[in-house]
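What follows is each chain in one-letter form.
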Amino acid sequence: MKAVVYDRYGSPDVLHIEDVERPVPTGAEILVKIRATAVTRADCATRDANRRSGLLITVISRLISGISRPKQRILGTEFAGEVDAAGAAITEFAAGDHVFGTTGFRFGTHAEFICIGESARIAHKPAGMSFEEAAAVCDGGLNALWCLRAADLRKEQHILIYGASGAIGTAAVQLAKYFGADVTAVCSGKNVELVRSLGADRAIDYTHEDFTRNGETYDVIFDAVGKHSFKRCRGSLKPGGSYLATDGLLNLVLAMWTSRIGDRRVIFRIPPRYTKKDVVFLKELIEAGRYRAVIDRCYPFANVVEATKYVETEHKTGNVVLTIDAS
């Protein structure tokens, strides 16, 4: 089978397509022919060993992924496709079923096939949804769900989502509305109408207004893109409010510190623990018309380097998807 591989850390140019051995499912696994996958922040950070995050994070990243070279040559965490074969112990899925899900930090979805267990984070593809749309569900959806649950977001609370037009942000807007919150979305001007269409009660164009200076306060501030800080946001949090972080070693320290001191806290729980039930939950929301995946661009599988470079501009809206030939 063909797969996107990398044998050394570096820029997107280290990625290349290679013929590799097709995986063979055990009796407790299914073999999925992947029709679409996504390029995510996690893929980019892992590929360059988190060099943008500083020396300490780079060292930790290499200890996990491989000190001198990557242990897992195939990146990709999100997938949608068709069951090609199912092991003898499989009861939920059969050959021909359309499925979607995520492998998390097992990676491996930038390939034509992958083996995955029945109890893993996989579900039947939502009715009426394309493979491309399904491949764009889990990255933002599961990350946003994990964060909002960690903050115990409740009905009628006020939440501000910074970076509301990204993969996590577009998911967070929809999930926060599902949980009954009042949502303020912060994004660039070109995406204001998008976030409103996703359910935001109001939108702030960050190029024209600094939300930390307008006097408004919130129960939760969710930095969905890892570009803000608790220090800057603290004055915009209500007493007892929470700052939800998605990135940064400092936020891990602040999460431990503020849980003991002060009336406003940082929440940064890693690693996230997603479950199969969470994937099914998103599927049910989609089929009920309460959630949709936002896709910025779709690229052919062969154009993975171009797709990755676009993700690294940090200006994508929603998700970037790779399509894989069905032949």
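Below or above, wherever it landed, is the structure these notes cover.

Cut-offs and rules
Residues numbered from 1 in each chain as written. Predicted model: local features only at pLDDT ≥ 70, side-chain atom pairs only at ≥ 80, totals over all residues. Heavy atoms only, no water. Pairing = 2+ DSSP bridges. Helix = DSSP H or I, 4+ residues; strand = E, 2+ residues; numbered from the N terminus. Axes fitted to C-alpha atoms, helices over the stretch in contact; angles between N-to-C directions. Contact = heavy atoms within 4.5 Å. Parallel < 35°, antiparallel > 145°, perpendicular 65-115°, else oblique. Core = buried A, V, L, I, M, F, W, Y, C linked by side-chain atoms within 4.5 Å. Buried < 20%, exposed > 50% of the residue type's maximum accessible area, 1.4 Å probe, protein only. Salt bridge = Lys/Arg side-chain N within 4 Å of Asp/Glu carboxyl O. Expected span 1.5 Å × (residues − 1). Left-handed = near helix turned anticlockwise from the far one by under 90°. Nonpolar A, V, L, I, M, F, W, Y, C, P; charged D, E, K, R; others polar. Patch = residues over 30% accessible without salt bridge, like charges linked within 9 Å, V, L, I, M, F, W, Y side chains within 5 Å. Areas by Shrake-Rupley, 256 points an atom, 1.4 Å probe, with all protein chains shown as cover.

## Considering the sheet that holds strand 8 (residues 158-162)
Neighbouring strands of a sheet are bound in pairs by backbone hydrogen bonds; such pairs are parallel or else antiparallel. Taken in spatial order, the 6 strands of this open sheet run 10-9-8-11-12-13, and their pairing is parallel. Across the chains shown, the open sheet's two edge strands, defined by having one partner strand only, are strand 10 (202-205) and strand 13 (265-267). Adjacent strand axes in the sheet meet at a mean angle of 20° when their direction is disregarded. Taken together, the 4 bridges between strand 9 (residues 182-187) and strand 10 define a ladder with parallel strand orientation. The partner of Val-186 across the bridge, within strand 10, is Ile-204. Its contacts with the sheet place helix 4 (residues 138-150) against strand 8, strand 11 (218-223), strand 12 (237-244) and strand 13, and it is angled at close to 150° to strand 11. Across the sheet, helix 8 (residues 249-258) is in contact with strand 12 and strand 13; its angle to strand 13 comes to roughly 130°.

## Focus: the packing of helix 4 against helix 9 (residues 276-287)
Orientation of helix 4 relative to helix 9, taken along the N-to-C sense of each, is 110°, at an axis distance of 11 Å. Viewed along their axes, helix 4 and helix 9 adopt a mutual orientation that is roughly perpendicular. For the pair helix 4 and helix 9, contact is made by Cys-138, Gly-141, Leu-142, Leu-145 and Arg-149 and by Asp-278, Val-279, Phe-281 and Leu-282, respectively.

## Side note on the nonpolar core
Counting 53 residues, the largest nonpolar core has Ile-159, Ile-161, Leu-175 and Phe-222 as its most contacted members. Counting residues per element, this core draws most heavily on helix 4, which supplies 7 residues. Residues in contact with Leu-175, not counting those within four places in the same chain, are Gly-141, Ala-144, Leu-145, Leu-148, Phe-281, Leu-282, Leu-285 and Tyr-291. Counting residues in each nonpolar core, the second largest holds 30 residues, with Ile-90, Tyr-299, Leu-322 and Ile-324 among its members.

## Remarks on the pattern of salt bridges
Summed over all chains, the structure comprises 21 salt bridges. When the shortest N-O distance is used, the salt bridge between Arg-73 and Glu-18 registers 3.1 Å. Residue Arg-73 is located in the loop between helix 2 (55-65) and strand 4 (78-86), and its partner Glu-18 is located in strand 2 (residues 16-19); the two are separated by 55 residues in the primary sequence. Overall, the relative accessible area of 28% leaves Arg-73 in the partly exposed class. The class of Glu-18 is partly exposed, set by a relative accessible area of 28%. With a shortest N-O distance of 3.8 Å, Asp-219 and Lys-238 are connected by a salt bridge. Of this pair, Asp-219 sits in strand 11 while Lys-238 sits in strand 12, and the two are 19 residues apart along the sequence. Lys-238 sits in the partly exposed class, given a relative accessible area of 25%. If you follow the salt bridges from partner to partner, you end up with Asp-7, Glu-18 and Arg-73 in one network.

## Observations concerning helix 9
Its 12 residues place the ends of helix 9 17 Å apart at the C-alpha level, agreeing with the 16 Å of an ideal helix rising 1.5 Å per residue. Those residues of helix 9 not exposed but buried are Lys-276, Asp-278, Val-279, Phe-281, Leu-282, Lys-283, Leu-285 and Ile-286. A positive backbone phi angle near 75° is found at Gly-289, which sits one or two residues after helix 9.

## Overview of the packing of helix 4 against helix 5 (residues 167-178)
Where helix 4 contacts helix 5, the axes come no closer than 8 Å and their chain directions differ by 55°. The angle between helix 4 and helix 5 places the two elements in the oblique class. Pair helix 4 / helix 5 crosses with right-handed handedness. Residue-level inspection shows Asp-139, Gly-140, Gly-141, Asn-143, Ala-144, Leu-145 and Leu-148 of helix 4 in contact with helix 5, the latter providing Ala-167, Ile-168, Ala-171, Ala-172, Leu-175 and Ala-176. Here the residues of the contact of helix 4 with helix 5 are counted per class, giving 9 nonpolar, 3 polar and 1 charged.

## Quick look at a nonpolar patch on the surface
A contiguous nonpolar patch, built from Leu-55, Leu-56, Val-59, Ile-60, Leu-63, Ile-64, Ile-67 and Leu-249 and spanning about 800 Å² of accessible area, is present on the exposed surface. Broken down by element, the nonpolar patch gets its largest block of residues, 6 residues, from helix 2. Note that Leu-249 resides in helix 8. According to the relative accessible area criterion, Leu-249 is partly exposed, its value standing at 35%.

## So, the pairing of strand 3 (residues 29-39)
For strand 3, a buried count of 9 out of 11 residues is recorded, marking the element as mostly surrounded by other parts of the structure. Pairing of strand 3 with strand 6 (residues 113-117), which is carried by 5 bridges, proceeds in the antiparallel orientation. Its bridge partner lying in strand 6, Ile-30 is registered against Ile-116. Here strand 3 runs beside strand 4; their pairing, made up of 7 bridges, is antiparallel. Note that in strand 4 the partner of Ala-36 across the bridge is Ala-80. As paired elements, strand 3 and strand 15 (residues 319-323) share 4 bridges and run antiparallel to each other. Bridged to Thr-37 within strand 15 is Leu-322.

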